[in-house]
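# Commentary on secondary and tertiary structure
In case you want the letters, here they are:
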Amino acid sequence: MEDSPPEPRGDVVMGSSTVCELWFAFSWLLDQLPKLCPVNRLTDLDVLKERFESPNLRNPKGRSDLPGIDVFVSTADPEKEPPLVTANTILSILAVDYPVEKLACYLSDDGGALLTFEALAQTASFASTWVPFCRKHNIEPRNPEAYFGQKRNFLKNKVRLDFVRERRRVKREYDEFKVRINSLPEAIRRRSDAYNVHEELRAKKKQMEMMMGGNPEETVKVAKATWMSDGSHWPGTWSSGETDNSRGDHAGIIQAMLAPPNAEPVYGSEADSENLIDTTEVDIRLPMLVYVSREKRPGYDHNKKAGAMNALVRTSAIMSNGPFILNLDCDHYIYNSMALREGMCFMLDRGGDRICYVQFPQRFEGIDPNDRYANHNTVFFDVSMRALDGLQGPMYVGTGCIFRRTALYGFSPPRATEHHGWLGRRKVKLSLRKPKATVKKDDEISLAMNGEYNNEVENDDGDIESLLLQRDSVTQTLSLLRFRLLNTKGGSYRTCKAKARTVDQLVHLLSHVNLSTQPQ
Ligand SMILES: O=c1ccn([C@@H]2O[C@H](COP(=O)(O)OP(=O)(O)O[C@H]3O[C@H](CO)[C@@H](O)[C@H](O)[C@H]3O)[C@@H](O)[C@H]2O)c(=O)[nH]1
Ligand SMILES: [Mn+2]
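A quick note: this is a predicted structure, and the numbers were derived from the prediction, not measured. (Residues numbered from 1 in each chain as written. Chains lettered and ligands numbered in written order. Predicted model: local features only at pLDDT ≥ 70, side-chain atom pairs only at ≥ 80, totals over all residues. Heavy atoms only, no water.)

## Topic: the packing of aromatic side chains
- One pass over the full model with this rule turns up 22 aromatic pairs.
- An angle of 85 degrees between the planes, with centres 5.0 Å apart, marks the rings of Phe 117 and Tyr 291 as edge-to-face. Taken together, the residues Phe 117 in helix 4 (residues 114-137) and Tyr 291 in strand 6 (residues 288-293) connect sequence positions 174 residues apart. An identical accessibility class is assigned to Phe 117 and Tyr 291; each is buried. (Phe/Tyr/Trp six-rings, centres within 6.5 Å; stacked < 30°, edge-to-face > 60°. Helix = DSSP H or I, 4+ residues; strand = E, 2+ residues; numbered from the N terminus. Buried < 20%, exposed > 50% of the residue type's maximum accessible area, 1.4 Å probe, protein only.)

Structure below.
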């Protein structure tokens, strides 16, 4: 007869399950307590306008004193992430309500795809219609696909008589834009085939000539390249995936699609054959728009999105150096055109210099409106994040976040004193916070951004001053900038000290070198 296993003792089972239950109750309590007092914050855009955009003694013209913002969009594969979606994201950024000369938009293309490049060029061209239209008629949201797809009455709150006519024209133009974007893959393929056939014929001819010349051994091989519209090789990924031109192995590419705009508003003209809408009263400037595809080489870990963000931080430091950075995935867009201003309300508020980042909530489209499967993440964005705001602050969710550039660089924020003691009444000078003006190790971008502004600023205006000053530090940045370069031939790193005085010089310098990626 077999022995049955010993029965577990009742009190042990009871005891351990009680301990488990107690632990769950405790962790549930920890989860619930912060939710009892979630923080709700409101922004006041009028105050922001009054403080930064109205005429005063220091700024008699009332030119906007808002700090620059660089917006980063990441895309990785035009087949999985349709270029039309990315185009819409870019359009929502270019049309955002923020001083045009303070805004710059960077698209990181980890696919190194000519398709993304050409789609961005088309987007820049369509933006010259879409952005003035949004500004003139206060369009929301400023993503054309979402705007034209809206079910609600588009005439609501619209009073201008020319609205209906202009909307119809812009909609037609947008439909044509969609067709242009969708026909790009085929156009690129045909163009490349034609050039490749031509190249092959030339190579064959050359071979024939060589054979006639009594040198028959040499066979000329022609790589199947991807060709740009100007008849040159695309430096990024080719559809044939040759060495030096495949997804994980290509040169770095930086191309400004829209140049930095004038500092003063530029007004358009009446509607005519070229101008779809009357823009005589509308500022028609567009923000700077840049295409970036970082260099990739086999044997290096490119760290996916994080690596792409790193490359954009470096590129933008040279080109526009906005003190703030907003990042978005290619399939996200700015829903509220005032969002950047709202973000600045936090950053520029009293004590805002202690804020590293402002995380926007994510809202989702195209999923179950009744939210049966909790895909809208309402508990996370509307309850937990508000609750966390009461404890140190909400977390970064990987996208839709405005960062303070200096925080990303690891610098201490500009304020040199810290509140301590009961109710924060005692101010303590922080010796730790004194940034050194000396250049750091070679492998870091070293900017003496705060060095000169480390006076003890105690009043509000002082705080704001220090922020605004950062915007003008481009020249300082330029003279001190050091960055690492990947030596393309040997695959080794070397450090380069850039000696350029103006942005133009630096862009020129960059066009001769490849931006770095971090070694493993
Ligand atoms: O090598 C890569 C791989 C991805 N990406 C980009 O990274 C973003 C996110 O990648 P995706 O594959 O879409 O990840 P998801 O799981 O959809 O995104 C989750 O994770 C992301 C990264 O943390 C967050 O940004 C998103 O909010 C979150 O939904 C996209 O814009 C990609 O284009 C790159 O730039 N390079
Ligand atoms: Mn995604």
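## Focus: the site of ligand 1
- What surrounds ligand 1 is a group of 15 residues, the closest being Ser 74, Glu 81, Asp 110, Lys 305 and Thr 399.
- Contact between ligand 1 and Asp 110: a nitrogen atom at 2.6 Å from a side-chain N or O atom of the residue.
- A distance of 3.0 Å separates an oxygen atom of ligand 1 from a polar backbone atom of Gly 398.
- When ligand 1 is considered free in solution it has 670 Å² of accessible area, and contact with the protein chains removes 59% of it.
- Looking at the shell around ligand 1, the element that brings in the most residues is helix 7 (residues 304-319), giving 3 residues. (Near = heavy atom within 4 Å. Polar contact = N/O pair within 3.5 Å; in protein donor to acceptor, adjacent residues only side chain to side chain. Areas by Shrake-Rupley, 256 points an atom, 1.4 Å probe, with all protein chains shown as cover.)

## Description of the UniProt feature "binding site: UDP-alpha-D-glucose" (unreviewed entry) in the chain
- Using the residue numbers shown here, the UniProt feature "binding site: UDP-alpha-D-glucose" (unreviewed entry) corresponds to Ser 74, Lys 80, Glu 81, Asp 110 and Lys 304.
- With respect to the element layout, Asp 110 can be found in the loop between strand 2 (103-109) and helix 4.
- Asp 110 gets classed as buried once you look at its relative accessible area, which sits at 8%.
- Sequence-distant contacts of Asp 110, defined by excluding residues within four places in its chain, comprise Thr 75, Ala 76, Arg 247, Arg 294, Lys 296, Lys 304 and Ala 308.
- Within the structure, Asp 110 has its side chain in polar contact with the side chain of Arg 294 (distance 2.8 Å).
- Among the secondary structure elements, Lys 304 is positioned in helix 7.
- Sequence-distant contacts of Lys 304, defined by excluding residues within four places in its chain, comprise Asp 110 and Arg 294. (UniProt positions renumbered as here; feature names shortened; annotations may be inferred. Contact = heavy atoms within 4.5 Å.)

## Structural notes on the UniProt feature "binding site: Mn(2+)" (unreviewed entry) in the chain
- Under the feature "binding site: Mn(2+)" (unreviewed entry), the UniProt entry names Lys 305 and Asp 329. In three dimensions, the annotated residues from a span of 25 residues occupy one location, with a maximal C-alpha spread of 9.3 Å.
- Residue Lys 305 is classed as partly exposed on the basis of its relative accessible area, which comes to 27%.
- With respect to the helices and strands, the residue Asp 329 is situated in strand 7 (residues 324-329).
- In contact with Asp 329, other than residues within four places in its own chain, are Val 73, Ser 74, Thr 89, Lys 305, Gly 398 and Thr 399.

## Quick word on the packing of helix 3 (residues 83-94) against helix 4
- Direction vectors running N to C along helix 3 and helix 4 enclose 40 degrees, while the axes themselves pass 9 Å from each other. By the angle between their axes, helix 3 is oblique relative to helix 4. As helix 3 runs across helix 4, the sense of the crossing is right-handed. Where helix 3 approaches helix 4, its residues Pro 83, Ala 87, Ile 90, Leu 91 and Leu 94 are matched on the opposing element by Leu 115, Ala 119, Leu 120, Thr 123, Phe 126, Ala 127, Trp 130, Val 131 and Arg 135. (Axes fitted to C-alpha atoms, helices over the stretch in contact; angles between N-to-C directions. Parallel < 35°, antiparallel > 145°, perpendicular 65-115°, else oblique. Left-handed = near helix turned anticlockwise from the far one by under 90°.)

## What about the layout of surface pockets?
- In this structure, the second largest pocket encloses a volume near 690 Å³.
- Forming the walls of the second largest pocket are 27 residues, and the residues nearest its centre are Lys 49, Asp 97, Tyr 98, Pro 99 and Arg 341.
- Tallying contributions element by element places helix 2 (residues 45-53) first for the lining of the second largest pocket, with 4 residues.
- Residues belonging to the lining of the second largest pocket are distributed by class as follows: 10 nonpolar, 3 polar and 14 charged. (1 Å grid on protein atoms, 1.4 Å probe; cavity = no way out; pocket = protein on both sides within 12 Å on 5 of 7 lines; lining within 4 Å. Points joined across faces, edges and corners; volume = space filled by probe spheres on them. Nonpolar A, V, L, I, M, F, W, Y, C, P; charged D, E, K, R; others polar.)

## Quick look at a positive patch on the surface
- A surface patch of like charges, here positive, comprises Arg 165, Arg 168, Arg 169 and Arg 172.
- With respect to the helices and strands, Arg 172 occurs in helix 6 (residues 163-212). (Patch = residues over 30% accessible without salt bridge, like charges linked within 9 Å, V, L, I, M, F, W, Y side chains within 5 Å. Salt bridge = Lys/Arg side-chain N within 4 Å of Asp/Glu carboxyl O. Lys, Arg positive; Asp, Glu negative; His and termini not counted. Charge placed at Lys NZ, Arg CZ, Asp CG, Glu CD.)

## Side note on the environment of Ser 232
- By the secondary structure assignment, Ser 232 is in the loop between helix 6 and strand 3 (245-246).
- The partly exposed category is assigned to Ser 232, whose relative accessible area is 27%.
- Separated by 37 residues in the primary sequence, Ser 232 and Tyr 195 place their C-alpha atoms 9.5 Å from one another.
- Other than its neighbours up to four places away in sequence, Ser 232 contacts Thr 226 and Trp 227.
- Looking at Ser 232, its side chain comes within polar contact range of the side chain of Asp 230, at 2.7 Å.

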